[in-house]
Amino acid sequence: MKIILLGAPGAGKGTQATRLAEKYQIPHVSTGDIFRANIKNATPIGVVAKSYIDKGQLVPDEVTVEIVKQRLAESDCEKGFLLDGFPRNTFQAEELDKFASVEKVVNINVDTTKLVKRITGRRVCQCGESYHVDFLNGKTDCAKCGKTLYQRADDNEVTVKERLSVYEKQTAPLIDYYEKAGKLVTINGDQNIDKVFEDIISSL
Ligand code: ADP
Ligand code: ADP
Ligand code: ZN
């Protein structure tokens, strides 16, 4: 099972990826999570990535593609993987085609007007789980692992606008790219989390 989760920032890729990875026992490969781990550990990649992520822009392709190529070469990705947040432009998609054969691309579709609220209300855990303040009922710890939730530095209104614009210009063309390749399925992401999950599973 080699799957890409495509969708705008806030569409629910991470939320669904966690659940799908558990169900199918395949690794969840999130470029955003990899960058954030590098930033936390102040690695050279983290230093470069931070300067772009803070502005809501894409981290340069040469850095990003190499990270994914190395990650997918690890043995746990042999039987399958879930790519979340990669590819994000046509160049990355073309490079990916050279080192992996993806079977399905799940496009999670949510109206842009709803995304700002989803992102600015997002709270995340180190373990990869994400939540929304509207559903936390004041809780501040992760229901999965107990660690304290935090708000991502780039989940502010200014950066979100830039990320959505980057998505429209650079990432949305991938819908066409994978449609032409016969790999695309589009899911209505504006339903409750369990229903979106069910729809994705039926589509696979
Ligand atoms: P992405 O990885 O695509 O950026 P996330 O999975 O982190 O998106 O979700 C963004 C925000 O929206 C989080 O606050 C999450 O709790 C919330 N969310 C995710 N899926 C849904 C859904 N189906 N309905 C309502 N809110 C959702
Ligand atoms: P979201 O889906 O909520 O926008 P991510 O965690 O996927 O968040 O990405 C956060 C940031 O990390 C992006 O805004 C971008 O700066 C960087 N990033 C993640 N994936 C890529 C990628 N494939 N190419 C370039 N930059 C990326
Ligand atoms: Zn957690």
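Preceding this section is the structure that the text describes.
Summarised in this report is the structure supplied together with it.

Definitions and limits used
Residues numbered from 1 in each chain as written. Chains lettered and ligands numbered in written order. Predicted model: local features only at pLDDT ≥ 70, side-chain atom pairs only at ≥ 80, totals over all residues. Heavy atoms only, no water. Salt bridge = Lys/Arg side-chain N within 4 Å of Asp/Glu carboxyl O. Helix = DSSP H or I, 4+ residues; strand = E, 2+ residues; numbered from the N terminus. Buried < 20%, exposed > 50% of the residue type's maximum accessible area, 1.4 Å probe, protein only. Near = heavy atom within 4 Å. Polar contact = N/O pair within 3.5 Å; in protein donor to acceptor, adjacent residues only side chain to side chain. Areas by Shrake-Rupley, 256 points an atom, 1.4 Å probe, with all protein chains shown as cover. Nonpolar A, V, L, I, M, F, W, Y, C, P; charged D, E, K, R; others polar.

## So, the pattern of salt bridges
The final tally for this structure, using the stated rule, is 17 salt bridges. Arg122 is paired through a salt bridge with Asp155; the nearest N and O atoms lie 2.9 Å apart. Pair noted here: Arg122 is in strand β5 (residues 122-124) and Asp155 is in the loop between α7 (133-136) and α8 (157-171), with a separation of 33 residues, a long-range link. Residue class for Asp155 comes out buried when judged on its relative accessible area of 2%. Linking Asp199 and Lys195 is a salt bridge whose minimum nitrogen-to-oxygen distance equals 2.8 Å.

## Things to note about the site of ligand 2
Close to ligand 2 lie 19 residues; Thr31, Arg36, Gln57, Gly85 and Arg122 are nearest. Val59 has a polar backbone atom sitting 3.0 Å from a nitrogen atom of ligand 2. The side chain of Arg163 places a nitrogen or oxygen atom 3.0 Å from an oxygen atom of ligand 2. Considered on its own, ligand 2 offers 550 Å² of accessible surface; in the complex 97% of this is hidden by protein. Ranked by residues supplied to the shell around ligand 2, first place goes to helix α2 (residues 31-40) with four residues. For the shell around ligand 2, the per-class residue count stands at six nonpolar, six polar and seven charged.

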